Amino acid sequence: MDLKELKKQVDKITLELKNKASDELSPLIESQSVLINVILEMSTGILSQNERLTTTIVDLQENIKELRRQLNMDSHNSSKPPSSDGYKKPNKARSLRKPTGRKPGGQK
């Protein structure tokens, strides 16, 4: 149910209560109706602000994703020259063999 329909229902209920209530309760019913309408207006503002913030968050997430992609590029995965890599050196592939404890080299 959207807020406009809710406001119509509040107005309808307020009229019904005013017709059934005594003269002493009429001001109280009217003040409650005003308060409910203020709350509904505030809710409308909050919902529209929430939509704008959600859109902004999605845009910022896309920007972060693109910037991270650009940051992770180097001469190996783009057309950038090796000189633009700076001091970052790629990790050398290490052998998966376990050391035996023997000294390297041939026979004496």
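These numbers come from a predicted model, not from an experiment.

A count of helical and extended segments in the protein gives two helices and zero strands. Here the C-alpha radius of gyration of the protein, 35 Å, is well above what a compact globule of 108 residues would show, namely 13 Å. Considered along the principal axes of its C-alpha atoms, the protein spans approximately 115 × 35 × 20 Å. Per-residue burial for the protein yields a buried fraction of 7% across its 108 residues. Element-wise, carbon and sulfur atoms account for 58% of the exposed surface of the protein, whose accessible area totals about 10600 Å². The averaged location of the 14 negative side-chain charges in the protein is 30 Å from the averaged location of its 20 positive side-chain charges.

On to helix H2 (residues 26-71). Taking 1.5 Å of rise per residue, 46 residues should cover 68 Å, and H2 covers 67 Å from first to last C-alpha, within 8% of that figure. Those residues of H2 that sit buried are Ile 29, Ser 33, Asn 37 and Leu 40. As for H2, its buried residues are in contact with helix H1 (3-20).

If you trace the backbone, Asn 37 turns up in helix H2. In this structure Asn 37 touches Lys 7, Val 10 and Asp 11, once residues within four positions along its chain are discounted.

All chains considered together, the criterion is met by three salt bridges. The partner of Lys 18 in a salt bridge is Glu 30, and the shortest N-O contact between them spans 2.2 Å. Note that Lys 18 is positioned in helix H1 and Glu 30 in helix H2, a separation of twelve residues in sequence. Taking relative accessible area as the criterion, Lys 18 reaches 30% and is therefore assigned partly exposed.

What follows concerns the packing of H1 against H2. Packed helices, taken two at a time, are described by the angle their axes make and the gap between the axes. Where H1 contacts H2, the two axes come as close as 10 Å, and the packing angle between them is 175°. The angle between the axes of H1 and H2 places the two elements in the roughly antiparallel class. For the pair H1 and H2, contact is made by Leu 3, Leu 6, Lys 7, Val 10, Asp 11, Thr 14, Leu 17 and Lys 18 and by Ser 26, Ile 29, Glu 30, Ser 33, Ile 36, Asn 37, Leu 40, Glu 41, Ser 43, Thr 44 and Leu 47, respectively. Looking at the contact of H1 with H2 residue by residue, the classes come out as eight nonpolar, six polar and five charged.

Mapped onto the secondary structure, Ser 79 falls in the segment after H2. When its relative accessible area of 78% is taken as the criterion, Ser 79 is described as exposed. When the C-alpha atoms of Ser 79 and Thr 56 are compared, they prove to be 32 Å apart, with 23 residues separating the residues in sequence.

The subject of this paragraph is the side chain of Asp 85. Structurally, Asp 85 can be placed in the segment after H2. A distance of 2.6 Å separates polar atoms of two side chains, one belonging to Asp 85 and the other to Ser 75. The contacts of Asp 85, once residues within four sequence positions are left out, are Asp 74, Ser 75 and His 76.

About the cut-offs
Residues numbered from 1 in each chain as written. Predicted model: local features only at pLDDT ≥ 70, side-chain atom pairs only at ≥ 80, totals over all residues. Heavy atoms only, no water. Helix = DSSP H or I, 4+ residues; strand = E, 2+ residues; numbered from the N terminus. Rg over C-alpha atoms; globule rule 2.2 N^0.38 Å. Buried < 20%, exposed > 50% of the residue type's maximum accessible area, 1.4 Å probe, protein only. Areas by Shrake-Rupley, 256 points an atom, 1.4 Å probe, with all protein chains shown as cover. Lys, Arg positive; Asp, Glu negative; His and termini not counted. Charge placed at Lys NZ, Arg CZ, Asp CG, Glu CD. Expected span 1.5 Å × (residues − 1). Contact = heavy atoms within 4.5 Å. Salt bridge = Lys/Arg side-chain N within 4 Å of Asp/Glu carboxyl O. Axes fitted to C-alpha atoms, helices over the stretch in contact; angles between N-to-C directions. Parallel < 35°, antiparallel > 145°, perpendicular 65-115°, else oblique. Nonpolar A, V, L, I, M, F, W, Y, C, P; charged D, E, K, R; others polar. Polar contact = N/O pair within 3.5 Å; in protein donor to acceptor, adjacent residues only side chain to side chain.

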